[in-house]
Structures are given as C-alpha cells and as structure tokens.
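# Examination of the molecular architecture
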Amino acid sequence: MEYKVLRQLNIHYFASIAVLAVLFVLAILKIVRFSETPQAVSLTVEMYAVVITLVAIPILLKTFAERLKKIKQAGANPSEATRQYKMAYFVRLYALAFVTVGNIVLYALSRNQNFLWLTVALFVIFLFCKSSEKEIFSLTETGDNPQKQEE
C-alpha cells in the first residue's frame, strides 16, 4: 500500500513541477504575455509578493514537519497515518505551487527580475518536497516490519 501511495505522491510532485516549469519557460521566452509592453507593478505589490514568498517557504516546510511529528506521536493505524500524510503533503505541495504560479504571473506581467529569482528559489525549495519512502514507512511502521524479519 505504501508503494502505491508513494507512486501517487510522486506523480503529483513531478506533474506539478513539469506544469510550473513549462509555464515558467513560456514566461521567460515571452510566449505568455499579458500585454505587449511590460506593466509596472506597484512597489506595494512587489513588497507583498516578496514577503508572501519568503514567509510561505519556512511556514509550509515547518508545518509539514510538525504534522509528521503529530502523526507519529498519535500512533494512528497505517491507513489513517497514510491519509494524514497525504493531506499534509498535498497542502505543502500545492501551496508552494500556488505561490510559484503567482510569481510566474507577476514576472510575465511586469518582467521584474525579482519575481524571476523568487520563482527560481521556489523551484529549489521543491527539491526538498519530494515524498520519500523512508517517511511513509516510518509513519506506517507496525511491529511486524517485513524488512526487519528478513534480516
């Protein structure tokens, strides 16, 4: 069951990165444009975009880590632990994707390099969001682990 969940999470992970990467490349190559000339984005919008991006990253990563701790401490049955893990994973992944899309749209709209670099930073953060076999198995581990019995 864990491998099925891991495969499902990896499909979501790679699909979201692929969609975001294509959108980002289209924005860089000026294929996606909202107008012929770049639109000025007010300093307030730029400030809020930077703050939202910089605040969202640690909050989403820390919240996910805290959620994993709670799942482990609760000692829920494997199916409930898996369900909770999937929910926490999807919230983190798609919240980061939402912030990334916002920065890509703002870059495509204004051609402001700050949004370009924020998007690049978010793509780096995605490297830390891939689901791992170790995480899932540690959450669903029961007393009779088949790998331990084989050793």
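Preceding this section is the structure that the text describes.
Below is a short write-up of the structure. Everything numeric here is computed off the predicted structure, so don't read it as measured data.

Close approach of charged atoms lets side chains of opposite charge pair. Summed over all chains, the structure comprises 3 salt bridges. Between Glu66 and Lys69 there is a salt bridge, with its nearest N and O atoms 3.6 Å apart. Of this pair, Glu66 and Lys69 both sit in helix 2 (residues 43-74), 3 residues apart, which is roughly one turn of the helix. Arg83 is the partner of Glu80 in a salt bridge, and the nearest nitrogen-oxygen pair spans 2.7 Å. Of this pair, Glu80 and Arg83 are both found in helix 3 (residues 78-110), 3 residues apart, which corresponds to roughly one turn of the helix. Glu80 gets classed as partly exposed once you look at its relative accessible area, which sits at 26%. Salt bridges here are not isolated pairs; linked through shared partners, they connect Lys62, Glu66 and Lys69.

We now examine the environment of Ala49. Within the secondary structure, Ala49 is located in helix 2. Along the chain, Ala49 and Leu23 lie 26 residues apart, while their C-alpha atoms are 18 Å from each other.

This paragraph deals with helix 2. Every α-helix winds through 3.6 residues per turn, so residues three or four apart in the chain are directed the same way. For helix 2, with 32 residues, the first-to-last C-alpha span of 46 Å sits near the 46 Å given by 1.5 Å per residue. The largest bend in helix 2 amounts to roughly 25° and is located at Ala56, with the proline Pro58 lying one to four residues further along. Its buried side turned inward, helix 2 meets helix 3, helix 4 (113-126) and helix 5 (133-140). In the segment just after helix 2, Gly75 is the residue with positive phi, at about 60°.

What follows is about helix 4. Look at helix 4: 20 Å from first C-alpha to last across 14 residues, which is about the 20 Å you get at 1.5 Å a residue. Elements that come into contact with the buried residues of helix 4 comprise helix 1 (2-28), helix 2 and helix 3. Measuring from the side-chain oxygen of the N-cap residue of helix 4 to the backbone nitrogen of Asn114 gives 2.9 Å; that N-cap residue is Asn112.

About the thresholds
- Residue positions within a chain follow its written sequence, with the count starting from 1.
- With the structure being a predicted model, the display of local features is reserved for residues of pLDDT at least 70 and the display and counting of side-chain atom pairs for 80 or more, all residues being used for whole-chain, interface and lining totals.
- Think of the side-chain values as coming from all heavy atoms in the structure, minus any hydrogens and water.
- Any Lys or Arg side-chain nitrogen found within 4 Å of a carboxyl oxygen on Asp or Glu counts as a salt bridge.
- Secondary structure follows DSSP: runs of H or I at least 4 residues long count as helices, runs of E at least 2 residues long count as strands, and numbering of each begins at the N terminus.
- Each residue's exposure class comes from its accessible area (1.4 Å probe, protein chains only) as a fraction of the maximum for that residue type: buried when under 20%, exposed when over 50%, partly exposed otherwise.
- To estimate the expected span of a helix, subtract one from its residue number and multiply by 1.5 Å.
- Bend is the name given here to the angle between axes fitted to two runs of seven residues, the run ending at a residue and the run starting at it.
- Contacts are residue-level and defined by heavy atoms, with any inter-residue pair within 4.5 Å sufficient.
- Each polar contact in these results corresponds to two N or O atoms within 3.5 Å; when the atoms are within protein, one needs to be able to donate a hydrogen and the other to accept it, and residues that are neighboring in sequence are counted only if both atoms are side-chain atoms.

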